[in-house]
Amino acid sequence: MMERSFVMLKPDAVSRKLIGRILSRFEEKGLKIVALNFLQIDEDLAKTHYGEHEGKPFFKDLVGYIISAPSLAMVIEGDDAISVIRKIVGATNPKEADLGTIRGDFGMDTGRNIIHASDSPKSAEREIDLFFNRDEMCDYEVPEDSWVYE
Ligand SMILES: Nc1ncnc2c1ncn2[C@@H]1O[C@H](COP(=O)(O)OP(=O)(O)OP(=O)(O)O)[C@@H](O)[C@H]1O
Ligand SMILES: [Mg+2]
C-alpha cells in the first residue's frame, strides 16, 4: 500500500553534514521525497512532536537536543513506506542498531541517534500534519517508478 511517512534528520545529522549521504539511502531504495523543510525546531513544536514521551527521564534532554541546531523535516512516499523506512533507520539505540542501518552506521548514543521516522500510519498522519501543510507536499511521477515497482 502506498504510504507517506514523516522523517526528520535531527540536529546531529545536519551538523555532521550527513544530509546528502542519508537522503541518498532513501532515494537509492526507490522511495520518493515529496516534501522537505529545513528548520530550527522550537521548544513547543519539539514537545508536541515527542508528546508521547513527556514525563520520561530523558524527555528534557530529548527536547534540548532537538532544538539545539537545525533539522531537516521531510515526507517520504513509497509502498509500505512507514515500515520500510523504520528498517532503513534501525533500532533506537545506535550501538544496538544493525550495521547497514542509518543509526547503526552513523551513530553511537541513543540521545544522538541521527534521525526520526514515524512508527505507524497514525503517527505518520499526526506528524505530517504537525510539520507540513497539504499544499507543501508534491504529487509527481518519476520514470524510475516502473523499474522500482512491478
Ligand atoms: N533511554 C533514552 N535515553 C536518551 N534518549 C532517548 C531514550 N529513549 C529514547 N530517547 C530519545 O527519544 C527519541 C524517541 O524515542 P522512541 O522510543 O520514540 O524511539 P524511536 O521511535 O526509535 O525514535 P524516533 O521517535 O526519534 O524516531 C529517540 O529517538 C531518542 O532520541
Ligand atoms: Mg518514536
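Refer to the preceding data block for the structure.
Thresholds applied
- Residues numbered from 1 in each chain as written.
- Chains lettered and ligands numbered in written order.
- Predicted model: local features only at pLDDT ≥ 70, side-chain atom pairs only at ≥ 80, totals over all residues.
- Heavy atoms only, no water.
- Pairing = 2+ DSSP bridges.
- Helix = DSSP H or I, 4+ residues; strand = E, 2+ residues; numbered from the N terminus.
- Axes fitted to C-alpha atoms, helices over the stretch in contact; angles between N-to-C directions.
- Contact = heavy atoms within 4.5 Å.
- Near = heavy atom within 4 Å.
- Polar contact = N/O pair within 3.5 Å; in protein donor to acceptor, adjacent residues only side chain to side chain.
- Areas by Shrake-Rupley, 256 points an atom, 1.4 Å probe, with all protein chains shown as cover.
- Nonpolar A, V, L, I, M, F, W, Y, C, P; charged D, E, K, R; others polar.

Enquirer: I keep staring at the sheet that holds strand β4 (residues 115–117) and nothing clicks. Help me out?
Expert: If you trace the 4 strands from one edge of the open sheet to the other, you get β2-β3-β1-β4, paired in antiparallel fashion. Each end of this open sheet is capped by a strand with a single partner; those strands are β2 (32–39) and β4. Ignoring which end each strand starts from, the neighbouring axes of this sheet average 20° apart. Where β2 lies against strand β3 (residues 71–79), 7 bridges are found, and the strand directions are antiparallel. Each residue of the ladder has a partner; that of Asn 37, found in β3, is Ala 73. Taken strand by strand, helix α5 (residues 81–89) contacts β1 (2–9), β3 and β4, and its axis lies near 35° from that of β1.

Enquirer: Looking at this model, I keep getting lost on the site of ligand 1. Mind explaining?
Expert: Around ligand 1 lies a shell formed by Lys 10, Tyr 50, His 53, Phe 58, Leu 62, Arg 86, Thr 92, Arg 103, Thr 110, Asn 113, His 116 and Ala 117. Contacts to ligand 1 include Lys 10, whose side-chain N or O atom sits 2.9 Å from an oxygen atom. One of the side-chain nitrogen or oxygen atoms of Arg 86 is found 2.9 Å away from an oxygen atom of ligand 1. Relative to its unbound accessible surface of 580 Å², ligand 1 loses 76% to contact with the protein. Here the shell around ligand 1 is composed, by residue class, of 4 nonpolar, 5 polar and 3 charged.

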